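Observations on the three-dimensional arrangement
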Amino acid sequence: MATKSTTGTRSSVSIFIVVGLCCFFYLLGAWQRSGFGKGDSIALEMTKAGADCSVLPNLNFDTHHNGRIIDDSGSKKKIFKPCKARYIDHTPCQDQKRAMKFPRENMNYRERHCPPQEQKLRCLIPAPKGYVTPFPWPKSRDYVPYANAPYKSLTVEKAIQNWIQYEGNVFRFPGGGTQFPQGADRYIDQLASVIPIDNGTVRTALDTGCGVASWGAYLWKRKVIAMSFAPRDSHQAQVQFALERGVPAVIGVLGTIKMPYPSNAFDMAHCSRCLIPWGANDGIYMMEVDRVLRPGGYWVLSGPPINWNNNYRAWQRPKEDLEEEQRKIEDIAKLLCWEKKSEFGETAIWQKKLNTDSCRASQANTCESSDPDSVWYKKMEACITPSTKSNSEEGSGELKAFPERLFSVPPRITSGSVPGISVETYLEDNKIWKKHVNAYKRINKLIDSGRYRNIMDMNAGLGSFAAALESPKLWVMNVVPTLPEKNTLGVIYERGLIGIYHDWCEGFSTYPRTYDFIHASGVFSLYKDRCDIEDILLEMDRILRPEGAVIIRDEVEVVVRVQKIVGGMRWDTKMTDHEDGPLVPEKILVAVKQYWVMDDNNSTSPS
């Protein structure tokens, strides 16, 4: 498998600081106009430790770096080869061939089905030929380079609905949707006439069956962050398009297992013709939405069967069927203690009551689980999540409006719902991560520049890393591993941030090349006795964009081992001391994934 040396054709400027025993180095790149050329050419100088912390002159390292990674260990490192071209869009736990082996009933075949250890790919997922750095936000909301997701089927299938249009070497997203062909802005304005979207009361939203996530994309300027999901290739590359646009999204479906989110998490949930049978299976899907919807939160249903009597001919469905479907939905909403606030056109809005205790007192079908946040691979049940005392205290009435809620003490902590986490612990955690993030910004000057839009924190804790980074230029997927004793994802949502549960022994529910920046604090110590570190690093490489950045914070022996492994993965790395000095056993590994793509002959090329 042939490779070609990096040439000087891509413009780059890197500024480096020689690292002493107590100082950091800067990771800088003068990057091309996003969406054009072949990446950012972020060159990373591997400097040796020295006593001088002076800034070196500007260097163009492209012509003589040749992709070499300096490794002082003296031992031969394992080289990971590129995967074959057919794996360019590989999603290990939503693989289409494997999916067809599972039952189609209740969408089971579209849920997560991860490969056994012996079937995992142990190679590097290539980028398609011509892959380019995405446009910066907010331009990326409306334009995606064709080379990054070269699939045109949606431009034909959804042409009259203004989902997506193909224009030369880019896709354009006009902001339309099946239920809002006039544009997401106009649609959101209608919702805002009923729902307090514009004052910070509604901050977190869930978009089921999101399409290309235009609803979430246009909520962003109103300071509402949406967690969007849709099945793998129900419509080709829809979640991939969402992430290319810089909109939070994961591959997912309401099927047989619970959604990977905590109870009482979202201020608003939304379905715009998402094709979920809400009235079926005794209302199990509405009950699952109820579990994750915060007391006082809103549920929006747009499309069939709403206003069936005026639309059944256009929908080409028997009016009796649609009438029965809406009746079931209305009955389940009453069972859940949701109050219908509005119905206009083909859109209906319900609000979950702030206090459901009296309404649900006589309910016989209450869920027996003692922990409504224990959801990883747990089967959905046709039962109602009880409104416990702690749930009531965690209701939206206790939450500050955003952005004040970002640093105010979350109700889950004040009520003592998170064992081992006190108010003092929470405040100290915020202080520590503000310090860490300031150090990261000194290491990597691009963090605040708008270069990194999609950011992942692999072990998010209380969400303080994301809170310290909060900016309209970026968003953070806060991942809470399913292993730790402390379940903190509910706290993260109460702060007005978003996140997901995940086990890093498995593949993440996203397409390749969907994150610009990955942060991993304590991840490898957490998993070192549970699964193969190589597998975790290969998964990080899969979801990281070419020339994306990584920061790993961990114990020194763990970081040394990780650095040796990624030495064979086409990552440029540098280890540096903790910001408090070399005597702290925790170290920081900074990395940049090299730019390389699959060429016409299935070999790989860095330029």
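Residues numbered from 1 in each chain as written. Predicted model: local features only at pLDDT ≥ 70, side-chain atom pairs only at ≥ 80, totals over all residues. Heavy atoms only, no water.

To keep things clear, this is the line we draw: UniProt positions are given in the numbering used here, feature names are shortened, and annotations may be inferred rather than shown by experiment.
Identification of the protein as Methyltransferase from Heracleum sosnowskyi is taken from an unreviewed UniProt entry. Note on the protein: under the UniProt heading Sequence similarities (unreviewed entry), the record states "Belongs to the methyltransferase superfamily."

1. Here's the deal with the layout of surface pockets
Heads up, the condition is: Cavity and pocket criteria rest on a 1 Å grid covering protein atoms alone: a 1.4 Å probe that fits but cannot get out defines a cavity, protein on both sides within 12 Å along at least 5 of 7 lines defines an open pocket, and an atom within 4 Å of a point defines a lining residue. Grid points are joined across faces, edges and corners, and a volume is the space filled by probe spheres set on the points. Helix and strand definitions follow DSSP, with helices as H or I runs of at least four residues and strands as E runs of at least two, each counted in order from the N terminus. Polarity classes work like this: nonpolar for Ala, Val, Leu, Ile, Met, Phe, Trp, Tyr, Cys and Pro, charged for Asp, Glu, Lys and Arg, and polar for all others, with Gly in that last group.
In this structure, the largest pocket encloses a volume near 810 Å³. Lining the largest pocket are 38 residues, with Tyr 87, His 90, Pro 92, Asp 95 and Leu 121 sitting closest to its centre. Per element, the largest residue contribution to the lining of the largest pocket is four residues, and it comes from helix H18 (residues 533–543). A breakdown of the residues in the lining of the largest pocket according to their chemical character gives 16 nonpolar, eight polar and 14 charged.

2. What about helix H9 (residues 308–315)?
Structural remark: α-helix, 3.6 residues per turn; residues separated by three or four positions point the same way. Spelled out, the test is: Only protein chains enter the calculation, and the probe is 1.4 Å; a residue is then buried if its accessible area is under 20% of its type maximum, exposed if over 50%, and partly exposed in between. Directions pointing from the helix axis toward each C-beta atom define the arc. Any two residues whose heavy atoms approach within 4.5 Å at even a single point are treated as in contact.
Every buried residue belonging to H9 is among Trp 308, Asn 311, Tyr 312 and Trp 315, and all of these are buried. All buried residues of H9 lie within an arc of 130° about the axis, which places them on one face of the element. Seen from the open side of H9, the exposed residues pointing more than 90 degrees away from its buried face are Asn 310, Arg 313 and Ala 314. In this fold, the buried residues of H9 make contact with helix H10 (319–335).

3. Observations regarding the sheet that holds strand E17 (residues 586–593)
Backbone-to-backbone hydrogen bonds join strands into a sheet, with any given pair of strands oriented parallel or antiparallel. As a reminder of what qualifies: A pair of strands is considered paired only if DSSP assigns at least 2 bridges between the two. To get an axis, fit a line to the C-alpha atoms, keeping to the stretch in contact for a helix; angles then go from 0 to 180 degrees between the N-to-C directions.
Pairing in this open sheet of seven strands is mixed, and the strands run E13-E12-E11-E14-E15-E17-E16 from one edge to the other. Of all strands in the sheet, those with a lone pairing partner are strand E13 (499–502) and strand E16 (571–577), marking the two edges. In this sheet, adjacent strand axes meet at a mean angle of 20° when their direction is disregarded. Helix H14 (residues 423–443) contacts strand E14 (515–521), strand E15 (544–555), E16 and E17 of the sheet and is inclined by roughly 135° relative to E15. Here H18 sits on the sheet in contact with strand E11 (454–457), E14, E15, E16 and E17, set at roughly 145° to E15.

4. Things to note about the nonpolar core
For the record, the criterion: Nonpolar core, defined: a set of buried Ala, Val, Leu, Ile, Met, Phe, Trp, Tyr and Cys residues in which side-chain atoms within 4.5 Å join the residues together.
Ranked by internal contacts, the top residues of the largest apolar core, which has 134 residues, are Tyr 261, Trp 278, Trp 299, Phe 524 and Met 540. In this structure Met 540 touches Met 458, Ile 518, Ala 520, Phe 524, Val 550, Ile 552 and Trp 571, once residues within four positions along its chain are discounted. Counting 10 residues, the second largest nonpolar core, distinct from the first, contains Val 144, Trp 163, Phe 171 and Ala 237.

5. Topic: the sheet that holds strand E1 (residues 143–145)
Strand order in the open sheet made by the three strands is E1-E3-E2, with antiparallel pairing throughout. Each end of this open sheet is capped by a strand with a single partner; those strands are E1 and strand E2 (165–167). Taking the axes of each pair of neighbouring strands and ignoring which way they run, one obtains an average angle of 30° across the sheet. The sheet contact formed by E1 and strand E3 (residues 170–172) spans three bridges and is antiparallel. Bridged to Tyr 143 within E3 is Arg 172.

6. Notes on the packing of aromatic side chains
Formally: Ring pairs are drawn from Phe, Tyr and Trp, using the six-membered ring of Trp, whenever the two centres fall within 6.5 Å, and their geometry is named by plane angle: stacked under 30 degrees, edge-to-face over 60, tilted for the rest. Placement of a charge over a ring requires the Lys NZ or Arg CZ to be within 6 Å of the ring centre, with the centre-to-atom vector within 35 degrees of the ring normal.
Taken as a whole and judged by the stated rule, the model has 18 aromatic pairs. Relative to Tyr 187, the ring of Phe 180 lies with its centre 4.6 Å away and its plane at 25°, an arrangement referred to as stacked. Tyr 187 matches Phe 180 in its accessibility class, with the two residues each being buried. Linked through ring pairs, Tyr 146, Tyr 166, Phe 171, Phe 173 and Phe 241 together constitute an aromatic cluster. Just above the ring of Trp 137 sits the side chain of Arg 453; from NZ or CZ to the centre is 3.8 Å.

7. Side note on the environment of His 519
Put simply, the rule reads: We define a polar contact as two N or O atoms separated by no more than 3.5 Å, with the added condition that, inside protein, one atom must be a possible hydrogen donor and the other a possible acceptor, whereas residues neighbouring each other in sequence contribute only through side-chain atom pairs.
Mapped onto the fold, His 519 is located in strand E14. Expressed as a C-alpha distance, the spacing of His 519 and Ala 549, which sit 30 residues apart in the sequence, is 8.7 Å. If sequence neighbours within four positions are ignored, His 519 has contacts with Trp 433, Tyr 440, Met 456, Asp 457, Met 458, Phe 465 and Ile 551. In this structure the side chain of His 519 is engaged in a polar contact, spanning 2.9 Å, whose partner is the side chain of Tyr 440. At 3.0 Å, the side chain of His 519 and the side chain of Asp 457 are in polar contact.

8. Regarding the packing of H18 against helix H19 (residues 556–566)
Applied cut-off: Here the angle decides the label: under 35 degrees means roughly parallel, over 145 means roughly antiparallel, 65 to 115 means roughly perpendicular, and every other value means oblique. Each crossing gets its hand from how the near helix is turned against the far one by less than a right angle, where anticlockwise is left-handed and clockwise is right-handed.
Packing of H18 against H19 brings their axes to within 11 Å, and their N-to-C directions diverge by 60°. Comparing their axes, H19 and H18 come out oblique. For the crossing formed where H18 meets H19, the hand is right-handed. Where H18 approaches H19, its residues Ile 533, Glu 534 and Leu 537 are matched on the opposing element by Arg 561, Val 562, Ile 565 and Val 566. For the contact of H18 with H19, the residue count by class is five nonpolar, no polar and two charged.

9. Quick notes on the pattern of salt bridges
Applied cut-off: Here a salt bridge means any side-chain nitrogen of Lys or Arg lying within 4 Å of a carboxyl oxygen belonging to Asp or Glu.
Taken as a whole and assessed by the stated rule, the structure comprises 35 salt bridges. A salt bridge links Asp 185 to Lys 221, with the nearest nitrogen and oxygen atoms 2.7 Å apart. In this pair, Asp 185 sits in helix H5 (residues 184–192) while Lys 221 sits in the loop between helix H6 (214–219) and strand E5 (225–230), placing the two residues 36 residues apart along the sequence. With its nearest N and O atoms 2.4 Å apart, the salt bridge here joins Lys 340 to Glu 343. Of the residues examined, Glu 343 reaches a relative accessible area of 36% and is grouped as partly exposed. Several salt bridges converge on common partners, so that one network encompasses Lys 78, Lys 120, Arg 122, Asp 532, Glu 534 and Asp 535.

10. Digging into the state of the cysteines
The condition is simple: In what follows, a disulfide is any cysteine sulfur pair within 2.5 Å.
Under the definition given, this model contains six disulfides. Covalent S-S linkage joins Cys 83 and Cys 123, the inter-sulfur distance amounting to 2.0 Å. For the disulfide bridge between Cys 83 and Cys 123, the dihedral angle about the S-S bond is near 105°, and by the sign convention the bridge is right-handed. On the criterion of sequence distance, the pair formed by Cys 83 in the loop between helix H1 (62–65) and helix H2 (96–99) and Cys 123 in the loop between H2 and helix H3 (139–142) is long-range, its members being 40 residues apart. As far as the burial class goes, Cys 83 and Cys 123 line up, both buried. Cys 271 shares a disulfide with Cys 274; S-S distance 2.1 Å. When the S-S torsion is -95°, as for the bridge of Cys 271 with Cys 274, the disulfide is left-handed. Both residues of the pair, Cys 271 and Cys 274, count as buried.

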